[in-house]
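Inside the fold
Spelled out, the chains give:
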Amino acid sequence: MYPDVDFCRDPQAVCSHEKYPDLKWIAGMFRWITEVQTYDQGDFNYMNRLIRFVDGGLQDWTFVHGMSGIVTQGCHEPPCIEGVEFDGADRMATFKKTLRLLGLSVNDGSATGRRLGELNG
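Here's a quick rundown of the structure.

Cut-offs and rules
Residues numbered from 1 in each chain as written. Predicted model: local features only at pLDDT ≥ 70, side-chain atom pairs only at ≥ 80, totals over all residues. Heavy atoms only, no water. Phe/Tyr/Trp six-rings, centres within 6.5 Å; stacked < 30°, edge-to-face > 60°. Helix = DSSP H or I, 4+ residues; strand = E, 2+ residues; numbered from the N terminus. Buried < 20%, exposed > 50% of the residue type's maximum accessible area, 1.4 Å probe, protein only. Contact = heavy atoms within 4.5 Å. Salt bridge = Lys/Arg side-chain N within 4 Å of Asp/Glu carboxyl O. Polar contact = N/O pair within 3.5 Å; in protein donor to acceptor, adjacent residues only side chain to side chain.

1. Considerations on the packing of aromatic side chains
On inspection of all chains with the given rule, the structure shows 9 aromatic pairs. Between the aromatic rings of W32 and Y46, the centroid separation amounts to 5.9 Å while the plane-to-plane angle is 85°, which identifies the pairing as edge-to-face. Of this pair, W32 sits in helix α2 (residues 23–36) while Y46 sits in helix α3 (residues 46–55); the two residues are 14 residues apart in sequence, bridging distant segments of the chain. For W32, a relative accessible area of 25% gives the class partly exposed.

Spelled out as structure tokens, the structure:
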């Protein structure tokens, strides 16, 4: 797919190759599909927790915290890597901002928007 990119010699090409700026998004989607959506460790099954989060009205912020840990550190109970800082508050703020940009209500006592059920009607 990218015959002129030597990922062994230049692993940073995923994020910085000038000819293929979309490469980082393709790699990110691949990782999301293969590592995050399939995550099932201990009491955290990503797909089950996602369904509960949505069905529960986007109120269980432990889901977002766990998902952020999976993405950044490979586990759902961050910090998972000793000595590595976990930016949970920043990730939570970005997640809530994204929900608001999509027009969804964020049930944390702040900004209003449309509820999930209102999107279809």
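On we go.
2. Quick notes on the environment of K24
Take K24: it is sitting in helix α2. The exposure class of K24 is partly exposed, given its relative accessible area of 37%. Each C-alpha atom of the pair K24 and Q12 lies 9.7 Å from the other, and the pair is 12 residues apart in sequence. Setting aside chain neighbours within four positions, we find K24 in contact with V14 and C15.

3. Quick notes on the pattern of salt bridges
Going through the model one piece at a time under the given rule, you end up with 5 salt bridges. E35 is the partner of R31 in a salt bridge, and the nearest nitrogen-oxygen pair spans 3.2 Å. Of this pair, R31 and E35 both sit in helix α2, 4 residues apart, which is roughly one turn of the helix. When its relative accessible area of 30% is taken as the criterion, R31 is described as partly exposed. In this structure E35 comes out as partly exposed when scored by relative accessible area, which is 43%. As a salt-bridge pair, R91 and D87 come within 3.2 Å of each other at their nearest N and O atoms.

4. A look at the environment of T72
With respect to the helices, strands and loops of the structure, T72 is situated in helix α4 (residues 61–73). The class for T72 is partly exposed, based on a relative accessible area of 31%. In this structure, T72 is in contact with F86, D87 and R91, ignoring residues within four places of it in sequence. A polar contact is formed between the side chain of T72 and the backbone oxygen of S68, at a distance of 2.9 Å.

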